[in-house]
Amino acid sequence: MNTFEQIYFLIGILSLLVGVGVAFTFVLPVPSQRVKAQSPIYGRLFLVTLWFAFLGICLQPLGFPLASAATLNLCVLLAMYMLYLTVLKRYGQVLTHKQIAMIILHLVFCEALSLYFYLGNNQLLIREMLVSICVLIPLGLTLRLIYQNIPDNRGGDEMIFIVVSLTTIGVVFGVPFYRMWLEPGEPVGTEVAFVAIFMLCLLFMLGFPASLMQSLFIRLSTQAYIDALTGAKNRHYLYRESVRMLAHAQRHEQHFSVVVCDIDFFKKVNDQHGHPAGDEALKQFAHIISDLLRSGDTLVRMGGEEFLIVLPNADIQQASTMAQRLCDEVRDAEIKVENTTLKLTASFGVASLNADDTIFDGIRQADEALYRAKASGRDQVKRAQS
Ligand SMILES: Nc1nc2c(ncn2[C@@H]2O[C@H](COP(=O)(O)OP(=O)(O)OP(=O)(O)O)[C@@H](O)[C@H]2O)c(=O)[nH]1
C-alpha cells in the first residue's frame with residue numbers, strides 16, 4: 001500500500017467508527033429534560049470534530065501542510081470543548097454568554113498562536129506543546145464538573161470520569177513521550193495519530209453509553225423501591241432492607257421499633273373531595289411524617305392510607321414519643337387540596353421487636369395496637385401489649 005492508499009484506508013476505518021458512534025447516539029434513550037436531551041448532540045459533534053482532526057493530520061502527507069496545521073489544532077481543541085459540553089448538558093447545565101465568549105476567544109487565541117509558530121520558523125515542538133496545554137483547559141473543566149457532580153449520586157459519573165481522566169493522562173504524558181521519539185521538526189505520524197484518535201472515539205463510544213446504562217440502572221433500581229405517589233419506600237424495599245437493618249440492630253444490641261399508622265376516615269376525603277384530592281392529601285400526609293423522622297428512620301407505604309415507620313435504635317418509649325409527636329403534627333397540619341383546607345387525624349400502633357423477632361412479628365404486634373387505637377376513638381397512639 002502506498003502512502004495515499006494507506007491514508008484513505010485509515011480515513012475509511014475512522015469514518016466507519018465515527019458513523020457507528022453517531023448512529024449509536026440516536027438509539028440511546030433521550031432524557032426528557034430539554035437541556036439534558038442536547039447532550040447526545042454534542043457527543044456526535046465530539047466524534048465528528050475528532051474525525052476532522054484526523055483529516056487535518058492527513059493533509060500534511062497529502063501535500064497541504066498549512067491547511068493541516070490550521071485544521072488539526074482547531075479541531076482537537078474544538079473536540080475537547082464538545083466533550084465538555086456533552087458532560088455539561090448531561091447535568092442539565094447551560095453555558096452563560098460570558099463562557100461562550102471565553103471559549104471562542106480561547107479557540108481563536110490557540111489557533112492564532114499555533115499558526116504563528118508554524119509560519120515563524122516552523123517550531124513544531126513549541127506548537128504541539130502549546131496545543132496540549134490549551135487542550136488541558138477544557139479537559140480540566142470537564143473533570144472538575146464531573147467531580148463536583150459525583151456526590152449527587154447520579155450514577156454513571158465514575159465511568160465518564162475514567163474516560164476523561166484517561167484522555168487527560170494521554171495528553172499530559174502520551175504527547176511529550178511520543179515527541180521524544182520523533183526527530184526535531186518531524187510531524188506526527190499518521191498511524192500514531194490514527195491509533196490515538198481511534199482509541200479516543202472508542203473510549204467515548206463505550207464509556208458514555210456504559211455511563212448512561214449505569215445511571216439508568218441505578219434510577220430504575222431506586223424507583224423500584226419507591227412509592228410513586230408519596231415518595232415513601234414501598235413493601236419491596238421493606239422486605240429487602242428489613243433483614244439487613246434487623247441484623248445490624250442485633251449485632252450492635254440496639255433496640256428496634258416499628259410504628260404502623262393509618263389515616264382516620266380517609267374514605268370520607270375521597271367521597272367528599274374526589275380521588276385526586278385524596279391522592280394529594282396522602283402525599284402531604286407522607287411529607288408531614290417524613291419531615292419529622294431522623295435520618296436513619298424509614299417511612300414505608302404499606303398500601304392505601306396505611307404506612308409503616310421503621311425506627312432502628314429506638315426503644316418502645318422513644319418510639320411511642322415519636323408516634324405521639326407525629327399524631328399531634330398530623331392533627332395540627334392544614335392540608336391544602338384544590339381550593340379547600342382539610343384537617344386529618346391518624347391512628348398509630350407501636351411495637352418494639354425482641355431479639356429473635358422478624359419484622360413481620362413487629363408489624364403484627366403494631367397492627368394489633370393500631371386496631372385498639374382505632375377502636376378507642378382514633379387520633380391516638382397505642383403500644384403493643386408485650
Ligand atoms: N385517593 C386515594 N385513596 C386511596 C388510595 N389508596 C386507598 N385509598 C382509599 O382509602 C380509603 C380507605 O378506607 P377504609 O379502609 O374504609 O378506611 P378509612 O375510611 O380511613 O377508615 P378507618 O381506617 O377505619 O379510620 C378507601 O376509600 C380507599 O379507596 C390512594 O392511593 N389514593
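Model, not experiment: these values are computed from the prediction. (Residues numbered from 1 in each chain as written. Predicted model: local features only at pLDDT ≥ 70, side-chain atom pairs only at ≥ 80, totals over all residues. Heavy atoms only, no water.)

### Regarding the UniProt feature "coiled-coil region" (unreviewed entry) in the chain
Line of reasoning, step 1. Mapped onto this structure's residue numbering, the UniProt feature "coiled-coil region" (unreviewed entry) falls at residues 316-343.
Line of reasoning, step 2. In this annotation, residues 316-343 is assigned 61% helix and 21% strand; the end-to-end C-alpha distance for the span is 28 Å. (UniProt positions renumbered as here; feature names shortened; annotations may be inferred. Helix = DSSP H or I, 4+ residues; strand = E, 2+ residues; numbered from the N terminus.)

### Things to note about the pattern of salt bridges
Line of reasoning, step 1. Under the criterion given, the structure shown has 13 salt bridges.
Line of reasoning, step 2. Between D262 and K374 there is a salt bridge, and its shortest N-O distance comes to 2.8 Å. Of this pair, D262 sits in strand 1 (residues 256-263) while K374 sits in helix 13 (residues 359-375), and the two are 112 residues apart along the sequence.
Line of reasoning, step 3. A relative accessible area of 10% means that D262 is categorised as buried.
Line of reasoning, step 4. On the basis of relative accessibility, which here comes to 16%, the residue K374 falls in the buried class.
Line of reasoning, step 5. When salt bridges with common partners are traced through the structure, they connect R240, E241 and R244 into a single cluster. (Salt bridge = Lys/Arg side-chain N within 4 Å of Asp/Glu carboxyl O. Buried < 20%, exposed > 50% of the residue type's maximum accessible area, 1.4 Å probe, protein only.)

### Section: the layout of surface pockets
Line of reasoning, step 1. Within this model, the largest pocket holds a volume of roughly 990 Å³.
Line of reasoning, step 2. Lining the largest pocket are 38 residues, with V175, V188, A193, A196 and I197 positioned closest to its centre.
Line of reasoning, step 3. When contributions to the lining of the largest pocket are tallied by element, the ones reaching two or more residues are helix 3 (39-59), helix 4 (65-90), helix 6 (124-149), helix 7 (157-181) and helix 8 (190-223).
Line of reasoning, step 4. The biggest single contributor to the lining of the largest pocket is helix 8, with 9 residues.
Line of reasoning, step 5. By volume, the second largest pocket is sized at about 630 Å³.
Line of reasoning, step 6. If you trace the second largest pocket, you find 27 residues lining it, with P31, R90, L212, S215 and R219 closest to the centre.
Line of reasoning, step 7. If you list the elements that add at least two residues to the lining of the second largest pocket, you get helix 1 (3-27), helix 3, helix 4 and helix 8.
Line of reasoning, step 8. For the lining of the second largest pocket, the element with the most residues is helix 8, which contributes 9 residues.
Line of reasoning, step 9. Of the residues contributing to the lining of the second largest pocket, the split by class is 14 nonpolar, 9 polar and 4 charged. (1 Å grid on protein atoms, 1.4 Å probe; cavity = no way out; pocket = protein on both sides within 12 Å on 5 of 7 lines; lining within 4 Å. Points joined across faces, edges and corners; volume = space filled by probe spheres on them. Nonpolar A, V, L, I, M, F, W, Y, C, P; charged D, E, K, R; others polar.)

### Observations concerning the packing of aromatic side chains
In this description, a pair of aromatic rings is defined by centroid distance and the angle of the planes.
Line of reasoning, step 1. One pass over the structure, following the stated rule, counts 8 aromatic pairs.
Line of reasoning, step 2. Pairing Y239 with F360 gives two aromatic rings, centres 5.7 Å apart and planes at 45°, and the pair type is tilted. Here Y239 is found in helix 9 (residues 235-251), whereas its partner F360 is found in helix 13, with 121 residues between them in sequence.
Line of reasoning, step 3. A residue is classified by how much of its surface remains accessible, and F360, at 48% relative accessible area, is partly exposed.
Line of reasoning, step 4. Each member of the aromatic cluster is reached from another via a ring pair, and the members are F54, F194 and F198.
Line of reasoning, step 5. Over the aromatic face of Y237 sits the side chain of K233, whose NZ or CZ is 5.0 Å from the ring centroid. (Phe/Tyr/Trp six-rings, centres within 6.5 Å; stacked < 30°, edge-to-face > 60°. Lys NZ or Arg CZ within 6 Å of the ring centre and 35° of its normal.)

### Some remarks on a nonpolar patch on the surface
Line of reasoning, step 1. The grouping of I162, L166, I169, V172 and F173 at the surface amounts to a nonpolar patch, some 470 Å² of accessible area in total.
Line of reasoning, step 2. Within the fold, L166 resides in helix 7.
Line of reasoning, step 3. For L166, a relative accessible area of 44% gives the class partly exposed. (Patch = residues over 30% accessible without salt bridge, like charges linked within 9 Å, V, L, I, M, F, W, Y side chains within 5 Å. Areas by Shrake-Rupley, 256 points an atom, 1.4 Å probe, with all protein chains shown as cover.)

### A word on empty space enclosed by the protein
Line of reasoning, step 1. Enumeration over the complete set of coordinates arrives at 1 cavity of 30 Å³ or more.
Line of reasoning, step 2. Roughly 30 Å³ of internal volume is contained in the largest cavity.
Line of reasoning, step 3. Together, Y237, L238, E241, S242, M245, T298, V300 and V310 line the largest cavity.
Line of reasoning, step 4. Those elements giving two or more residues to the lining of the largest cavity turn out to be helix 9 and strand 2 (298-303).
Line of reasoning, step 5. With 5 residues, the top contributor of residues to the lining of the largest cavity is helix 9.
Line of reasoning, step 6. Looking at the lining of the largest cavity, its residues break down into 5 nonpolar, 2 polar and 1 charged.

### Brief notes about the confidence of the model for the chain
Line of reasoning, step 1. When pLDDT is averaged along the chain, the result is 88, and 96% of the positions lie at 70 or above.
Line of reasoning, step 2. Among the scores for the predicted complex, ipTM is 0.96 and pTM is 0.63. (pLDDT = per-residue confidence, 0-100.)

### Quick notes on the packing of helix 3 against helix 8
Line of reasoning, step 1. Running from N to C, helix 3 and helix 8 point in directions that differ by 175°, and their axes come no closer than 10 Å. As summarised for this structure, helix 3 and helix 8 are arranged roughly antiparallel, according to the angle between their axes. Every residue of helix 8 that contacts helix 3 at G43, F46, L47, L50, A53, F54, I57 and C58 is listed here: T190, A193, F194, I197, L200, C201, F204 and M205.
Line of reasoning, step 2. Broken down by class, the residue content of the contact of helix 3 with helix 8 amounts to 14 nonpolar, 2 polar and no charged. (Axes fitted to C-alpha atoms, helices over the stretch in contact; angles between N-to-C directions. Parallel < 35°, antiparallel > 145°, perpendicular 65-115°, else oblique. Contact = heavy atoms within 4.5 Å.)

### With respect to the site of the ligand
Line of reasoning, step 1. As a structural note, the neighbourhood of the ligand is formed by 16 residues, with F266, N270, D279, R301 and R378 the closest of them.
Line of reasoning, step 2. Contacts to the ligand include H275, whose backbone N or O atom sits 3.2 Å from a nitrogen atom.
Line of reasoning, step 3. Residue R378 places a side-chain N or O atom 2.9 Å away from an oxygen atom belonging to the ligand.
Line of reasoning, step 4. Summarising the interface, the protein chains cover 68% of the accessible area of the ligand, which totals 660 Å² for the free molecule.
Line of reasoning, step 5. Of all the secondary structure elements, the ones that give two or more residues to the shell around the ligand are strand 1, helix 10 (266-273) and helix 11 (275-292).
Line of reasoning, step 6. At 4 residues, the largest contribution of residues to the shell around the ligand is made by helix 11.
Line of reasoning, step 7. Across the shell around the ligand, the residue classes tally to 4 nonpolar, 4 polar and 8 charged. (Near = heavy atom within 4 Å. Polar contact = N/O pair within 3.5 Å; in protein donor to acceptor, adjacent residues only side chain to side chain.)

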